[in-house]
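Here are the chains, one letter per residue:
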Amino acid sequence: MDKFITFYDKYTIWQLSEDSLHELAGFVVRENYKHHSNSRPNIHFDAEVEAVYREEVRYFNHSRIFVAKNSENNIIGAIRLMLWDGRETLPIQSLFGIQCLNDISPDDSCSAIWHIGRLAVNTDIGRHGLLLFKSLLLYAMYPICNRKKGIVFAECDSKLLRTMKLMGIRVHSLGNGIEYLGSETIPVYSTYDDLVGFFRENQSSYSINQASVVA
């Protein structure tokens, strides 16, 4: 069962259970096609949903998945944070062939390597979408910014990347983009130092703290 975390004016925040991973996969793939191609999902939709689902099952024990739900209990936003165990193949490795993540990480043997994925927001909620996007990012950032050292990798849609930079989040590209789930996707990373300023500036507005981040 999903765990309730908090509520805002137009939505509630939950930590997703393993039983809800297929629903998450369908939402993520559907929203990517809606947002980036302005069209219905193509004939590969079911196969892509299954691929996302299988990947999330594999990552689940090392992850926290936060979702926003509307009053009808439907997912309207999602993000997944995973602490890498050094063994599981990350999407940035399989999609882009970037293998030596430790070489990119801060020069600290205790540095944590994180991965953020499945960031999607319903395109139909209008101006509330940016606020929801920011709150999901902050929930994912809390464990990263609580460690002092570390690095987070992601595969970021090009439009999303521009939005993050406009919000003041420092993100570094690792190479050229590819077509993935209906949009141009770019491999990126951010360090603790890149994220902590944005997190500290915004966390009080969204009441993001240890009590609100379910273990």
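Being a predicted model, the structure only gives us computed values, none of them experimental.

J.: What am I meant to see in the overall build of the protein here?
T.: When you go through the protein residue by residue, the secondary structure sums to seven helices and nine strands. A globule of 215 residues ought to have a C-alpha radius of gyration of about 17 Å, and the protein, at 16 Å, matches this closely. Dimensions along the principal axes, computed over C-alpha positions, put the protein at roughly 45 × 40 × 35 Å. Burial statistics for the protein: of 215 residues in total, 52% are counted as buried. Here the contacts in the protein between residues at least 6 apart in sequence split such that 71% fall between residues at least 24 apart. Just so you have it, the protein exposes about 10700 Å², and 48% of that area is on carbon and sulfur atoms. Averaging the positions of the 22 positive and the 25 negative side-chain charges in the protein gives two centres separated by 5 Å.

J.: Got a minute to help me understand helix H6 (residues 158-166) in this structure?
T.: Helical geometry: 3.6 residues make up each α-helical turn, so side chains three or four residues apart lie on a common side. Looking only at H6, the buried set comprises Ser158, Leu161 and Met164. Angularly, the buried residues of H6 cover 115° about the axis, an arc narrow enough to put them on a single face. Of the exposed residues in H6, the ones pointing more than 90 degrees away from its buried face are Arg162 and Leu166. Taken together, the buried residues of H6 touch helix H5 (128-145), strand E6 (150-157) and strand E9 (183-191).

J.: How do you make sense of the pattern of salt bridges when you look at a structure like this?
T.: Pairs can form between side chains of opposite charge whenever their charged atoms are close. For the coordinates displayed, the defined rule picks out seven salt bridges. The partner of Arg118 in a salt bridge is Glu55, with the nearest N and O atoms 2.3 Å apart. Taken as a pair, Arg118 in strand E5 (residues 112-121) and Glu55 in helix H2 (residues 45-59) lie far apart in primary sequence, 63 residues in all. Per residue, the accessibility class of Arg118 equals that of Glu55, and both read buried.

J.: Teacher, can you tell me more about the side chain of Gln93 here?
T.: Relative to the helices and strands, Gln93 is located in helix H3 (residues 91-96). Assessed through its relative accessible area of 7%, Gln93 is described here as buried. Once residues within four sequence positions are removed from consideration, Gln93 is found in contact with Trp84, Glu88, Ile98, Gln99 and Leu101.

J.: Mind showing me how you'd approach the environment of Lys149 here?
T.: Mapping Lys149 onto the fold places it in the loop between H5 and E6. C-alpha of Lys149 to C-alpha of Tyr11: the two residues are 138 residues apart in sequence and 32 Å apart in space.

J.: What should I look at first to understand the environment of Gly177 in this one?
T.: For Gly177, the location among the structural elements is in the loop between strand E7 (172-173) and strand E8 (178-180). For Gly177, a relative accessible area of 28% gives the class partly exposed. Between the alpha carbons of Gly177 and Glu155 there is a distance of 8.9 Å; along the sequence they are 22 residues apart. Excluding residues that lie within four positions of it along the chain, Gly177 makes contacts with Phe96, Glu184, Thr185 and Ile186.

J.: Just to check I follow, could you spell out the nonpolar core for this structure?
T.: Taken as a class, soluble globular proteins show a tendency for nonpolar side chains to be buried jointly. With 39 residues, the main nonpolar core has Ile116 and Ile169 as its most contacted residues. It is H5 that contributes the most residues to this core, 11 residues altogether. The contact partners of Ile169, leaving out residues within four places of it in the chain, are Leu137, Met141, Met164, Leu195 and Phe198.

J.: Explanation requested: the side chain of Thr12 in the structure shown.
T.: Mapped onto the elements, Thr12 comes out in strand E2 (residues 12-15). Of note is the side chain of Thr12, whose polar atom sits 2.7 Å from the side chain of Trp14. Filtering out sequence-adjacent residues up to four positions away, Thr12 remains in contact with Phe4, Thr6, Phe7, Val67, Ala68 and Lys69.

Rules behind the numbers
- The numbering scheme is per chain: residues are counted from 1 as the chain's sequence reads.
- Residues qualify for local features only when their pLDDT is at least 70, as the model is predicted, and side-chain atom pairs are given and counted only at 80 or more; totals for whole chains, interfaces and linings, by contrast, use all residues.
- Each side-chain value is worked out from all heavy atoms of the structure, with water and hydrogens disregarded.
- Numbered from the N terminus, helices here are DSSP runs of H or I no shorter than four residues, and strands are runs of E no shorter than two.
- With C-alpha atoms as the basis for the radius of gyration, the globule rule is written as 2.2 Å multiplied by the number of residues raised to the power 0.38.
- Throughout this description, buried means an accessible area under 20% of the type-specific maximum (1.4 Å probe, protein chains only), exposed means over 50%, and partly exposed covers the range between.
- We call two residues contacting when some pair of their heavy atoms lies within 4.5 Å.
- Residue-level accessible areas treat just the shown protein chains as cover; the underlying method is Shrake-Rupley with a 1.4 Å probe.
- All tallies of charge rest on Lys and Arg as positive and Asp and Glu as negative; His and the ends of each chain are not included.
- By convention, charge coordinates are those of NZ in Lys, CZ in Arg, CG in Asp, or CD in Glu.
- Along the arc lie the directions from the helix axis toward the C-beta atoms.
- What counts as a salt bridge is simple: a side-chain nitrogen of Lys or Arg found within 4 Å of a carboxyl oxygen of Asp or Glu.
- Nonpolar cores are built from buried Ala, Val, Leu, Ile, Met, Phe, Trp, Tyr and Cys residues. Side-chain atoms within 4.5 Å join them into one set.
- In protein, a polar contact requires one atom able to donate a hydrogen and another able to accept it; more generally it is a pair of N or O atoms within 3.5 Å, and residues adjacent in sequence count only if both atoms are side-chain atoms.

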